[in-house]
Amino acid sequence: MTQPEFTSTQLQGMGIPQLSREIFKRIKELQGPGFRFTCIQKKFVELPADKHPEDEQHFEDAWFRLVDRNLIRWWEHGTVLGSYHLTERGRISTYHQGVVDEPDEVIAAVEKETGTLDPTIRQYLGEAFAAYHDQRLIAAQFFAGAVAERIVLMLHEWMHENARSPAGNAGRKNASELIEDLKARLKELKKKHKDLPQIGKLGDCIEDLAHAYRRDRNDAGHPVAVIEPKEESLSAMLQVMKHQYLPRACAVLALRLDEAPQCPNPAL
């Protein structure tokens, strides 16, 4: 069944990533055994009759983003037109649900919320999402773990500078010990600074997630067997990193406890 056309207004109102996901959503709704679709007709996503000259290029950029992601592929079958079909990855992908983010968009969104990121975090966070984008799941898992570990080290340094807490010989502790130490210190700070909800919210993140990121990184960085991460689980971990773990850590790192209380991003 032919799907409703995009209007020119809809096309102009959607960025390429959003349009690409919408196209893929319509493909997924129509998929079935042997389903094929030609690159010229694309009847389920036809351009509108009132299209502007730039609409076609905008649409093609979004369409070939699906090709670049290996979600759809050209299939030659002896006709002049040929056609596209869903790849194996495309058949199971949830890209249409918006779970695969562009690395540059992730960095921009996080920095809009937190301010300029630590250069190491910025680089490794981008690598994590870029690797996930290319379905290099082990690499994505490793880089996400590296970001989480960097956060833990920065928080220990913050404790030393702002909470008058000794560094705890951080350089001689392993990651697991550092996390446990940080959890205990955040609990103490939460009791002393009830007016700073950022501390408690970060403590919840450390409690729930820090060891998970650590284990993932260990699995990727010190393998004893080849274990392919589950795409859905890794996606969830990256989303939590983007929306909770990293923003909450940055909110605490921005605090100066020896000054008048400052409460950036109290809703995080």
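Preceding this paragraph is the structure being described.
Residues numbered from 1 in each chain as written. Predicted model: local features only at pLDDT ≥ 70, side-chain atom pairs only at ≥ 80, totals over all residues. Heavy atoms only, no water.

Caption draft 1: Highlighting the overall build of the protein. Scanning the protein for helices and strands turns up ten helices and two strands. The order of α-helices and β-strands along the protein, N terminus first, is α-α-α-β-β-α-α-α-α-α-α-α. Sorting the 268 residues of the protein into buried and exposed places 44% on the buried side. In the protein, the proportion of contacts linking residues at least 24 apart, taken out of those at least 6 apart, comes to 70%. Carbon and sulfur atoms form 50% of the exposed surface of the protein, whose accessible area is close to 14,300 Å². (Helix = DSSP H or I, 4+ residues; strand = E, 2+ residues; numbered from the N terminus. Buried < 20%, exposed > 50% of the residue type's maximum accessible area, 1.4 Å probe, protein only. Contact = heavy atoms within 4.5 Å. Areas by Shrake-Rupley, 256 points an atom, 1.4 Å probe, with all protein chains shown as cover.)

Caption draft 2: Representation of the environment of Glu105 in the model. With respect to the helices and strands, Glu105 occurs in helix α5 (residues 103-114). You can call Glu105 partly exposed: its relative accessible area is 36%.

Caption draft 3: Molecular detail of the environment of Arg248. Tracing the backbone through its elements, the reader meets Arg248 in helix α10 (residues 231-253). Note: C-alpha distance between Arg248 and Leu202 (46 residues apart in sequence) is 5.4 Å.

Caption draft 4: Seen up close, the pattern of salt bridges. Summed over all chains, the structure comprises six salt bridges. For the salt bridge of Glu111 with Arg122, the shortest nitrogen-to-oxygen distance reads 3.1 Å. In this pair, Glu111 sits in helix α5 while Arg122 sits in helix α6 (residues 119-133), placing the two residues eleven residues apart along the sequence. When its relative accessible area of 40% is taken as the criterion, Arg122 is described as partly exposed. Salt-bridge contacts for Arg150 lead to Asp118; the nearest nitrogen and oxygen are separated by 3.0 Å. (Salt bridge = Lys/Arg side-chain N within 4 Å of Asp/Glu carboxyl O.)

Caption draft 5: Up close: the packing of aromatic side chains. For the structure on display, the rule yields seven aromatic pairs. Seen from their ring centres, Tyr124 and Phe143 are 5.5 Å apart, and the 65° between their planes marks the pair as edge-to-face. Placement of the pair is Tyr124 in helix α6 and Phe143 in helix α7 (residues 137-162), with a sequence separation of 19 residues. Counting every residue linked through ring pairs, the aromatic cluster contains Phe59, Trp63, Phe64, Trp74 and Tyr84. (Phe/Tyr/Trp six-rings, centres within 6.5 Å; stacked < 30°, edge-to-face > 60°.)

Caption draft 6: Summary view of the nonpolar core. Within the largest apolar cluster, 46 residues are counted, with the highest numbers of intra-cluster contacts made by Leu125, Ile151, Met241, Tyr245 and Leu246. Taken together, the elements giving at least two residues each to this core come down to α5, α6, α7, α8 (175-192), α9 (197-221) and α10. Among the elements that make up this core, the one with the highest residue count is α7 (eleven residues). Not counting residues up to four positions away in its chain, the partners in contact with Leu125 are Val106, Ile107, Val110, Leu117, Val147, Met241 and Leu246. Membership of the second largest hydrophobic core comes to 14 residues, among which are Leu19, Ile27, Phe59 and Trp63. (Core = buried A, V, L, I, M, F, W, Y, C linked by side-chain atoms within 4.5 Å.)

Caption draft 7: Expanded view of the environment of Trp74. Along the chain, the position of Trp74 falls in strand β1 (residues 72-75). The spatial distance from the C-alpha of Trp74 to the C-alpha of Tyr84 is 4.4 Å, given a sequence separation of ten residues.

Caption draft 8: Quick look at the packing of α7 against α8. Packing of α7 against α8 brings their axes to within 10 Å, and their N-to-C directions diverge by 45°. It follows from the interaxial angle that α7 and α8 lie oblique. Crossing of α7 over α8 shows left-handed handedness. In this structure, α7 uses Glu149, Val152, Leu153, Leu155, His156, Trp158 and Met159 to contact α8, whose residues at the interface are Ala175, Leu178, Ile179, Asp181, Leu182, Arg185, Leu186 and Leu189. A per-class count over the contact of α7 with α8 returns eleven nonpolar, one polar and three charged. (Axes fitted to C-alpha atoms, helices over the stretch in contact; angles between N-to-C directions. Parallel < 35°, antiparallel > 145°, perpendicular 65-115°, else oblique. Left-handed = near helix turned anticlockwise from the far one by under 90°. Nonpolar A, V, L, I, M, F, W, Y, C, P; charged D, E, K, R; others polar.)

None of this, on its own, says anything about what the molecule does.
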